[in-house]
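# Geometric and topological summary
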Amino acid sequence: MSGGLEGAYHVKPVAAAIRDAQDLFPKYGDYQEARRHALKLRFWPSGMSEERGTVVDLDWEWIKAMIGEKVGELRIDDQIAGQNNLRIIFYVSDIILPNEPLPKIWLLSILQKKSWDFTKNDLRTFRTRLAVLKLRTYGPHN
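A short tour of the structure in this document, coming up. Nothing here was measured: the structure is a model prediction, and the numbers come from that model. (Residues numbered from 1 in each chain as written. Predicted model: local features only at pLDDT ≥ 70, side-chain atom pairs only at ≥ 80, totals over all residues. Heavy atoms only, no water.)

### Observations concerning the overall build of the chain
Definition in use: A helix here means a DSSP run of H or I that spans at least four residues, while a strand means a run of E at least two residues long, and both kinds are numbered starting from the N terminus. Radius of gyration: C-alpha atoms only; globule rule: 2.2 Å multiplied by the number of residues to the exponent 0.38. Between buried and exposed lies partly exposed: a residue is buried under 20% and exposed over 50% of the maximum accessible area for its type, with that area taken using a 1.4 Å probe on protein chains only. Note on definitions: a residue-residue contact is assigned when non-hydrogen atoms from the two residues lie within 4.5 Å. To measure how exposed things are, a 1.4 Å probe is used in the Shrake-Rupley method; for residues, cover is taken only from the protein chains shown. Charge convention: Lys and Arg are scored as positive, Asp and Glu as negative, and His as well as the terminal groups of each chain are ignored. By convention, charge coordinates are those of NZ in Lys, CZ in Arg, CG in Asp, or CD in Glu.
Looking only at helices and strands, the chain features three helices and six strands. Helices and strands in the chain line up, N terminus first, as β-α-α-β-β-β-β-β-α. Taking 142 residues into account, the globule formula puts the C-alpha radius of gyration at 14 Å, and the chain, at 15 Å, falls close to it. Considering only C-alpha atoms, the chain reaches an extent of 40 × 40 × 30 Å along its principal axes. Counting every position in the chain, which comprises 142 residues, the buried fraction comes to 44%. Restricting the contact set of the chain to residue pairs at least 6 apart, pairs at least 24 apart contribute 54%. Taken as a whole, the chain presents about 8,400 Å² of accessible surface, with 51% of it coming from carbon and sulfur. Charged side chains of the chain number 21 positive and 18 negative; the gap between the two group centres comes to 5 Å.

### Observations concerning helix 1 (residues 15–24)
We count it as follows: Comment: arc refers to directions from the helix axis out to C-beta atoms.
Taken together, the buried positions of helix 1 are occupied by Ala 16, Ala 17, Asp 20, Ala 21 and Leu 24. With its buried residues spanning 140° around the axis, helix 1 presents them on a single face. On its buried face, helix 1 sits against strand 1 (10–13), helix 2 (28–38), strand 5 (86–92), strand 6 (104–112) and helix 3 (120–138).

### Structural notes on the environment of Ile 67
Assignment of secondary structure puts Ile 67 in the loop between strand 3 (58–62) and strand 4 (71–76). Linking Ile 67 and Lys 134, residues 67 residues apart in sequence, is a C-alpha distance of 17 Å.

### Some points on the side chain of His 37
Relative to the helices and strands, His 37 resides in helix 2. Apart from the residues lying within four places of it in its own chain, the contact partners of His 37 are Leu 58, Leu 74, Ile 76, Asp 78 and Ile 80.

### Some details on the side chain of Asp 30
Definition in use: What counts as a salt bridge is simple: a side-chain nitrogen of Lys or Arg found within 4 Å of a carboxyl oxygen of Asp or Glu.
Its place among the elements puts Asp 30 in helix 2. Although Asp 30 is buried, it forms no salt bridge, and the closest oppositely charged side chain is Lys 27 at an N-O distance of 4.7 Å. Aside from chain neighbours lying at most four places away, what touches Asp 30 is Phe 25, Ile 80 and Ala 81.

### Notes on the pattern of salt bridges
For the structure on display, the rule yields 11 salt bridges. As a salt-bridge pair, Arg 129 and Asp 20 come within 2.6 Å of each other at their nearest N and O atoms. A residue pair is termed long-range when its members are at least 10 positions apart, and Arg 129 in helix 3 and Asp 20 in helix 1 qualify at 109 residues. Between Glu 61 and Lys 64 there is a salt bridge whose closest N-O contact spans 2.1 Å. Under the relative-accessibility criterion, Glu 61 is labelled buried at 9%. One connected set of salt bridges, linked through shared partners, spans Arg 52, Glu 61, Lys 64, Glu 73, Arg 75, Arg 87 and Lys 113.

### Some details on the environment of Pro 45
When you line up the elements, Pro 45 lands in the loop between helix 2 and strand 2 (52–55). For Pro 45, a relative accessible area of 34% puts it in the partly exposed group. C-alpha of Pro 45 to C-alpha of Leu 123: the two residues are 78 residues apart in sequence and 25 Å apart in space.

### What to know about unusual backbone geometry
Backbone geometry places Ala 81, a non-glycine residue, at a positive phi of 55°. Assignment of secondary structure puts Ala 81 in the loop between strand 4 and strand 5. One non-glycine residue, Asn 85, lies in the positive phi region at around 55°. Residue position: Asn 85 is located in the loop between strand 4 and strand 5.

Purely geometric stuff here, so don't read any function into it on its own.
Here you go:
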C-alpha cells in the first residue's frame with residue numbers, strides 16, 4: 001500500500017516545540033491528543049499555494065507577518081486539558097534530505113493563542129527557531 005497512511009510529508013517537532021507541548025499538557029494523554037492533531041500535517045498537499053485551507057479536518061493559514069517563509073498555523077478547535085484556541089506553528093520544507101523518503105513539515109511551536117495577532121515576541125521566537133532549524137538541518141545557504 002503506497003501513500004495510504006503515510007501521507008506526503010514526514011512531520012517532526014523541533015526540541016523547543018516538544019518542550020512547549022510538555023508545558024501546555026503535563027498529562028501524557030493530553031500531549032498525545034495534541035500530537036495526533038499535529039500528525040495530520042503529513043497529509044499536506046504538495047505544491048500548496050493558497051493562503052489558507054484545510055488539512056484533514058483542521059483549518060490552517062500562513063502567518064501573515066511571515067509571508068514567503070512557509071510558516072503557518074494549524075488551528076485546533078478541540079479543547080485539550082482546559083486549553084482552547086490552540087495553534088501549532090509549522091514550517092513546510094520541500095527539500096528532501098539525503099537518505100529520507102519524504103520532505104518534512106517541522107513543528108516549531110504549540111501555543112494557546114490569546115489575541116487575534118501574534119505578538120512580536122511570538123514572531124521573534126518562530127523566526128529564531130526556523131533560522132536554527134534551517135542552519136542545523138539544511139545548511140547555511142537555505
